[in-house]
Amino acid sequence: MLRADGQSCYAQVELVVSHNVQEAGPGGSQLLMALSDITALKKAQRDLVHLNQTLESRIEQRTADALSMASEMERFMQSVAHDLATPLRHILSFAGRLETADLNEQSRRSVATIVASARRMETLISALDQLALACNSQLSLTAIDLDRVLDAALKESGNAPGLTLHREDLPRVICDTQSMQTVLRQLLENAFKATDGRPHPTLRIWAEQVGAEIVIYLRDNGRGFNPNYRESMFEVFRKLHPERDFPGEGVGLAVVRRLMLRQGGRIWAESAGQDQGASFTLVLPAAP
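In this text the structure is predicted, and so the values were computed from the model without any measurement.

J.: I would appreciate a short explanation of helix α6 (residues 252-262) in the present structure.
T.: Taken together, the buried positions of α6 are occupied by L253, A254, V255, V256, L259 and M260. A positive phi of about 80° marks G264, the residue just after α6.

Written out as C-alpha coordinates, the structure reads:
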(Lines give C-alpha, C1' and ligand atoms only; values in the text may rest on other atoms or scores of the structure.)
Protein backbone atom coordinates (compact mmCIF):
# COMPACT_ATOMS: atom_id res chain seq x y z
CA MET A 1 0.00 0.00 0.00
CA LEU A 2 0.93 3.68 -0.23
CA ARG A 3 1.22 5.75 2.90
CA ALA A 4 0.20 9.39 3.05
CA ASP A 5 3.83 10.40 2.44
CA GLY A 6 3.89 8.45 -0.81
CA GLN A 7 6.13 5.67 0.47
CA SER A 8 5.08 2.07 -0.10
CA CYS A 9 4.52 -0.16 2.91
CA TYR A 10 3.25 -3.56 3.96
CA ALA A 11 0.00 -3.49 5.91
CA GLN A 12 -1.83 -6.02 8.00
CA VAL A 13 -5.62 -5.85 7.84
CA GLU A 14 -7.82 -6.93 10.74
CA LEU A 15 -11.63 -7.02 10.34
CA VAL A 16 -14.14 -7.51 13.13
CA VAL A 17 -17.93 -7.61 12.83
CA SER A 18 -19.63 -5.66 15.66
CA HIS A 19 -23.28 -6.09 16.59
CA ASN A 20 -23.39 -3.04 18.81
CA VAL A 21 -27.06 -1.95 18.63
CA GLN A 22 -26.38 1.50 20.07
CA GLU A 23 -23.94 2.35 17.28
CA ALA A 24 -25.42 0.46 14.29
CA GLY A 25 -29.11 0.68 15.13
CA PRO A 26 -31.66 -2.13 15.64
CA GLY A 27 -30.71 -5.29 13.75
CA GLY A 28 -27.67 -3.60 12.30
CA SER A 29 -24.00 -4.44 12.51
CA GLN A 30 -20.71 -2.75 11.82
CA LEU A 31 -17.52 -3.89 10.15
CA LEU A 32 -14.53 -2.55 12.05
CA MET A 33 -11.21 -2.51 10.19
CA ALA A 34 -7.71 -1.82 11.49
CA LEU A 35 -4.64 -1.30 9.27
CA SER A 36 -1.20 -1.82 10.80
CA ASP A 37 2.09 -0.87 9.12
CA ILE A 38 4.22 -4.04 9.30
CA THR A 39 7.02 -2.95 6.95
CA ALA A 40 9.65 -3.40 9.66
CA LEU A 41 8.29 -6.85 10.50
CA LYS A 42 8.39 -7.96 6.85
CA LYS A 43 11.98 -6.75 6.53
CA ALA A 44 12.93 -8.71 9.66
CA GLN A 45 11.28 -11.81 8.20
CA ARG A 46 13.22 -11.45 4.93
CA ASP A 47 16.46 -11.00 6.85
CA LEU A 48 15.70 -14.10 8.90
CA VAL A 49 15.00 -16.19 5.81
CA HIS A 50 18.24 -14.98 4.23
CA LEU A 51 20.14 -15.71 7.43
CA ASN A 52 18.80 -19.27 7.55
CA GLN A 53 19.64 -19.81 3.89
CA THR A 54 23.26 -18.70 4.37
CA LEU A 55 23.78 -20.09 7.88
CA GLU A 56 24.99 -23.52 6.77
CA SER A 57 27.51 -22.14 4.31
CA ARG A 58 28.83 -19.67 6.89
CA ILE A 59 29.17 -22.44 9.48
CA GLU A 60 31.09 -24.57 6.97
CA GLN A 61 33.37 -21.65 6.15
CA ARG A 62 34.08 -20.82 9.78
CA THR A 63 34.65 -24.48 10.59
CA ALA A 64 37.12 -24.70 7.72
CA ASP A 65 38.84 -21.53 8.97
CA ALA A 66 39.06 -22.93 12.52
CA LEU A 67 40.46 -26.24 11.29
CA SER A 68 42.99 -24.42 9.13
CA MET A 69 44.14 -22.30 12.08
CA ALA A 70 44.38 -25.38 14.32
CA SER A 71 46.37 -27.24 11.68
CA GLU A 72 48.69 -24.26 11.23
CA MET A 73 49.23 -24.05 15.00
CA GLU A 74 50.00 -27.78 15.17
CA ARG A 75 52.53 -27.48 12.31
CA PHE A 76 54.10 -24.49 14.05
CA MET A 77 54.36 -26.47 17.29
CA GLN A 78 56.00 -29.37 15.48
CA SER A 79 58.37 -27.02 13.69
CA VAL A 80 59.36 -25.33 16.95
CA ALA A 81 60.07 -28.70 18.56
CA HIS A 82 62.20 -29.74 15.58
CA ASP A 83 64.11 -26.44 15.23
CA LEU A 84 64.99 -26.25 18.93
CA ALA A 85 66.44 -29.75 19.03
CA THR A 86 69.70 -28.96 17.20
CA PRO A 87 70.85 -25.91 19.26
CA LEU A 88 69.85 -27.75 22.42
CA ARG A 89 72.11 -30.67 21.48
CA HIS A 90 74.96 -28.18 21.01
CA ILE A 91 74.33 -26.71 24.47
CA LEU A 92 74.38 -30.14 26.07
CA SER A 93 77.48 -31.17 24.15
CA PHE A 94 79.56 -28.14 25.17
CA ALA A 95 78.20 -28.16 28.71
CA GLY A 96 79.26 -31.80 28.94
CA ARG A 97 82.80 -30.81 28.03
CA LEU A 98 82.80 -28.15 30.72
CA GLU A 99 81.74 -30.74 33.31
CA THR A 100 85.06 -32.56 32.79
CA ALA A 101 87.12 -29.37 32.85
CA ASP A 102 89.15 -28.18 35.84
CA LEU A 103 86.67 -25.71 37.37
CA ASN A 104 86.14 -24.28 40.82
CA GLU A 105 83.10 -25.29 42.87
CA GLN A 106 80.96 -22.29 41.88
CA SER A 107 81.64 -22.84 38.18
CA ARG A 108 80.79 -26.53 38.51
CA ARG A 109 77.44 -25.65 40.07
CA SER A 110 76.77 -23.22 37.24
CA VAL A 111 77.55 -25.85 34.62
CA ALA A 112 75.35 -28.36 36.45
CA THR A 113 72.49 -25.84 36.35
CA ILE A 114 72.99 -25.35 32.60
CA VAL A 115 72.91 -29.11 32.00
CA ALA A 116 69.84 -29.62 34.21
CA SER A 117 67.97 -26.77 32.48
CA ALA A 118 68.91 -28.09 29.03
CA ARG A 119 67.71 -31.57 30.00
CA ARG A 120 64.45 -30.03 31.20
CA MET A 121 64.04 -28.19 27.91
CA GLU A 122 64.81 -31.40 26.03
CA THR A 123 61.98 -33.12 27.90
CA LEU A 124 59.56 -30.27 27.14
CA ILE A 125 60.47 -30.33 23.44
CA SER A 126 59.84 -34.07 23.39
CA ALA A 127 56.46 -33.45 25.03
CA LEU A 128 55.57 -30.84 22.39
CA ASP A 129 56.54 -33.28 19.68
CA GLN A 130 54.35 -35.94 21.28
CA LEU A 131 51.42 -33.51 21.39
CA ALA A 132 51.88 -32.54 17.74
CA LEU A 133 51.98 -36.21 16.78
CA ALA A 134 48.69 -36.81 18.62
CA CYS A 135 47.11 -33.96 16.65
CA ASN A 136 48.43 -34.94 13.21
CA SER A 137 48.65 -38.73 13.15
CA GLN A 138 46.39 -40.56 10.72
CA LEU A 139 43.46 -42.44 12.22
CA SER A 140 41.81 -45.68 11.15
CA LEU A 141 38.46 -45.93 12.92
CA THR A 142 37.28 -49.55 13.11
CA ALA A 143 35.42 -51.81 15.52
CA ILE A 144 38.03 -53.24 17.91
CA ASP A 145 38.10 -55.38 21.03
CA LEU A 146 38.82 -52.97 23.87
CA ASP A 147 40.06 -55.79 26.14
CA ARG A 148 42.94 -56.48 23.75
CA VAL A 149 43.84 -52.79 23.63
CA LEU A 150 43.82 -52.63 27.43
CA ASP A 151 46.11 -55.69 27.60
CA ALA A 152 48.57 -53.99 25.26
CA ALA A 153 48.42 -50.75 27.26
CA LEU A 154 49.07 -52.65 30.51
CA LYS A 155 52.04 -54.40 28.92
CA GLU A 156 53.50 -51.03 27.86
CA SER A 157 52.96 -49.25 31.17
CA GLY A 158 53.66 -52.20 33.47
CA ASN A 159 51.89 -52.55 36.80
CA ALA A 160 52.40 -50.48 39.93
CA PRO A 161 53.86 -52.41 42.88
CA GLY A 162 51.10 -53.53 45.24
CA LEU A 163 48.29 -52.13 43.12
CA THR A 164 45.13 -54.24 42.87
CA LEU A 165 43.52 -54.03 39.44
CA HIS A 166 39.83 -54.89 39.14
CA ARG A 167 38.76 -55.12 35.52
CA GLU A 168 35.55 -56.27 33.91
CA ASP A 169 35.09 -57.49 30.35
CA LEU A 170 35.18 -54.54 27.98
CA PRO A 171 33.08 -54.33 24.79
CA ARG A 172 33.96 -53.57 21.19
CA VAL A 173 34.10 -49.90 20.27
CA ILE A 174 34.72 -47.77 17.19
CA CYS A 175 38.15 -46.20 17.55
CA ASP A 176 41.72 -46.10 16.29
CA THR A 177 43.71 -48.94 17.87
CA GLN A 178 47.01 -47.09 18.34
CA SER A 179 45.35 -43.92 19.59
CA MET A 180 43.19 -45.81 22.07
CA GLN A 181 46.19 -47.75 23.31
CA THR A 182 47.97 -44.44 23.94
CA VAL A 183 44.90 -43.09 25.76
CA LEU A 184 44.65 -46.11 28.07
CA ARG A 185 48.40 -46.23 28.69
CA GLN A 186 48.46 -42.57 29.72
CA LEU A 187 45.49 -43.04 32.04
CA LEU A 188 47.01 -46.18 33.56
CA GLU A 189 50.32 -44.43 34.20
CA ASN A 190 48.40 -41.50 35.67
CA ALA A 191 46.58 -43.87 38.05
CA PHE A 192 49.85 -45.59 39.01
CA LYS A 193 51.38 -42.24 39.96
CA ALA A 194 48.26 -41.16 41.85
CA THR A 195 48.14 -44.34 43.95
CA ASP A 196 51.89 -44.60 44.56
CA GLY A 197 52.51 -44.79 48.30
CA ARG A 198 48.81 -45.03 49.14
CA PRO A 199 47.57 -47.80 51.47
CA HIS A 200 45.92 -50.59 49.47
CA PRO A 201 46.17 -48.91 46.04
CA THR A 202 43.27 -49.96 43.81
CA LEU A 203 42.23 -49.30 40.22
CA ARG A 204 38.89 -50.43 38.80
CA ILE A 205 38.09 -50.48 35.07
CA TRP A 206 34.68 -51.26 33.61
CA ALA A 207 32.32 -50.16 30.85
CA GLU A 208 28.64 -50.01 29.99
CA GLN A 209 26.58 -49.16 26.93
CA VAL A 210 24.38 -46.08 27.10
CA GLY A 211 22.29 -45.72 23.96
CA ALA A 212 24.61 -45.68 20.94
CA GLU A 213 27.70 -45.00 23.07
CA ILE A 214 30.12 -47.01 25.16
CA VAL A 215 31.05 -45.37 28.48
CA ILE A 216 34.37 -46.53 29.99
CA TYR A 217 35.30 -45.84 33.61
CA LEU A 218 38.71 -45.85 35.30
CA ARG A 219 38.48 -45.19 39.04
CA ASP A 220 41.37 -45.18 41.54
CA ASN A 221 41.72 -44.47 45.25
CA GLY A 222 44.74 -42.21 44.81
CA ARG A 223 45.51 -38.59 45.57
CA GLY A 224 42.51 -37.12 43.77
CA PHE A 225 42.38 -33.42 42.92
CA ASN A 226 40.49 -30.21 43.57
CA PRO A 227 37.26 -30.52 41.52
CA ASN A 228 37.47 -26.80 40.65
CA TYR A 229 40.41 -27.64 38.37
CA ARG A 230 38.97 -30.66 36.55
CA GLU A 231 38.99 -28.84 33.20
CA SER A 232 42.40 -27.21 33.49
CA MET A 233 44.08 -30.58 34.14
CA PHE A 234 43.67 -31.35 30.42
CA GLU A 235 45.61 -28.24 29.41
CA VAL A 236 49.18 -28.48 28.12
CA PHE A 237 51.88 -28.21 30.83
CA ARG A 238 49.20 -27.76 33.50
CA LYS A 239 49.90 -29.80 36.63
CA LEU A 240 47.73 -29.97 39.75
CA HIS A 241 50.35 -31.62 41.97
CA PRO A 242 54.01 -30.80 42.80
CA GLU A 243 56.69 -32.54 40.77
CA ARG A 244 57.89 -34.53 43.80
CA ASP A 245 54.40 -36.03 44.25
CA PHE A 246 53.43 -36.42 40.62
CA PRO A 247 56.38 -36.56 38.20
CA GLY A 248 55.77 -35.65 34.57
CA GLU A 249 55.52 -32.71 32.19
CA GLY A 250 51.77 -32.13 32.26
CA VAL A 251 51.24 -33.25 28.66
CA GLY A 252 49.79 -36.76 29.00
CA LEU A 253 46.19 -35.72 29.72
CA ALA A 254 46.31 -33.05 27.00
CA VAL A 255 47.30 -35.77 24.52
CA VAL A 256 44.51 -38.02 25.84
CA ARG A 257 41.82 -35.38 25.31
CA ARG A 258 42.98 -34.59 21.77
CA LEU A 259 43.06 -38.25 20.81
CA MET A 260 39.57 -38.81 22.24
CA LEU A 261 38.14 -35.81 20.38
CA ARG A 262 39.73 -36.92 17.11
CA GLN A 263 38.04 -40.31 17.47
CA GLY A 264 34.63 -38.73 17.99
CA GLY A 265 34.73 -39.36 21.73
CA ARG A 266 34.78 -37.40 24.97
CA ILE A 267 36.62 -37.58 28.29
CA TRP A 268 36.23 -35.91 31.65
CA ALA A 269 37.54 -36.39 35.19
CA GLU A 270 35.87 -36.24 38.59
CA SER A 271 37.12 -36.22 42.17
CA ALA A 272 35.65 -35.36 45.55
CA GLY A 273 38.89 -33.61 46.51
CA GLN A 274 42.44 -34.23 47.67
CA ASP A 275 43.08 -37.82 48.84
CA GLN A 276 39.60 -38.84 47.67
CA GLY A 277 40.60 -40.74 44.53
CA ALA A 278 39.74 -39.86 40.95
CA SER A 279 37.54 -41.19 38.18
CA PHE A 280 38.13 -40.76 34.45
CA THR A 281 35.17 -41.31 32.12
CA LEU A 282 35.64 -41.99 28.40
CA VAL A 283 32.82 -42.06 25.85
CA LEU A 284 33.15 -43.65 22.39
CA PRO A 285 30.60 -44.61 19.72
CA ALA A 286 29.44 -48.23 19.81
CA ALA A 287 28.73 -48.33 16.08
CA PRO A 288 29.93 -46.45 12.98
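Once you've had a look at it, read on.
J.: When you look at the sheet that holds strand β7 (residues 213-220) in this model, what are you seeing that I'm missing?
T.: Two modes of strand pairing occur in sheets, parallel and antiparallel, and in both the strands are linked by backbone hydrogen bonds. In space, the five strands of this open sheet follow the order β4-β6-β7-β9-β8, with mixed pairing throughout. The strands lining the two open edges of the sheet, one partner per strand, are β4 (164-167) and β8 (266-270). The average undirected angle you get between the axes of adjacent strands in this sheet is 15°. One ladder, built from eight bridges, connects strand β6 (residues 202-210) with β7; its direction is antiparallel. Counterpart to W206 in the pairing with β7 is Y217. Relative to the sheet, helix α5 (residues 177-195) contacts β6, β7, β8 and β9 (278-285), its axis offset from that of β9 by approximately 170°.

J.: Would you mind going over α5 with me for this structure?
T.: Side chains of residues three or four places apart in an α-helix project in the same direction, reflecting 3.6 residues per turn. The end-to-end C-alpha distance of α5, which contains 19 residues, comes to 27 Å, matching closely the 27 Å that a straight helix rising 1.5 Å per residue would cover. By the criterion of burial, α5 is predominantly enclosed, with 15 of the 19 residues buried. Positive backbone phi, approximately 85°, marks G197, located one or two places after α5.

J.: What exactly am I supposed to notice about empty space enclosed by the protein here?
T.: Any empty space left between atoms is shown by rolling a water-sized probe over those atoms. Counting across every chain of the model gives one cavity of 30 Å³ or more. Forming the boundary of the largest cavity are L187, N190, A191, L203, L218, R219, D220 and F280. Within the residue set of the lining of the largest cavity, elements represented by two or more residues are α5 and β7. Among the residues making up the lining of the largest cavity, the classes are represented as five nonpolar, one polar and two charged.

J.: Mind showing me how you'd approach unusual backbone geometry here?
T.: A positive phi is found at H200, a non-glycine position, where the angle reads about 55°. Tracing the chain through its elements places H200 in the loop between α5 and β6. Among the residues examined, H200 registers a relative accessible area of 70% and is labelled exposed.

J.: What exactly am I supposed to notice about the side chain of S279 here?
T.: Within the secondary structure layout, S279 lies in strand β9. The class of S279 is buried, set by a relative accessible area of 6%. With residues near it in sequence (within four places) discarded, S279 still touches L218, R219, W268, A269 and E270.

J.: Could you clarify how one ought to interpret the packing of helix α4 (residues 146-157) against α5 in this entry?
T.: The axes of two packed helices give the description: the angle between them and the distance between them. It is the contact of α4 with α5, at a shortest axis distance of 8 Å, that shows an interaxial angle of 50°. Here α5 runs oblique to α4, going by the angle between their axes. Considering the relative orientation of α4 and α5, their crossing is right-handed. Together, L146, V149, L150, A152, A153, L154, E156 and S157 of α4 and T177, M180, Q181, L184, R185, L188, E189 and F192 of α5 make up the contact between the two elements.

Reading the values: the criteria
Residues numbered from 1 in each chain as written. Predicted model: local features only at pLDDT ≥ 70, side-chain atom pairs only at ≥ 80, totals over all residues. Heavy atoms only, no water. Buried < 20%, exposed > 50% of the residue type's maximum accessible area, 1.4 Å probe, protein only. Helix = DSSP H or I, 4+ residues; strand = E, 2+ residues; numbered from the N terminus. Pairing = 2+ DSSP bridges. Axes fitted to C-alpha atoms, helices over the stretch in contact; angles between N-to-C directions. Contact = heavy atoms within 4.5 Å. Expected span 1.5 Å × (residues − 1). 1 Å grid on protein atoms, 1.4 Å probe; cavity = no way out; pocket = protein on both sides within 12 Å on 5 of 7 lines; lining within 4 Å. Points joined across faces, edges and corners; volume = space filled by probe spheres on them. Nonpolar A, V, L, I, M, F, W, Y, C, P; charged D, E, K, R; others polar. Parallel < 35°, antiparallel > 145°, perpendicular 65-115°, else oblique. Left-handed = near helix turned anticlockwise from the far one by under 90°.

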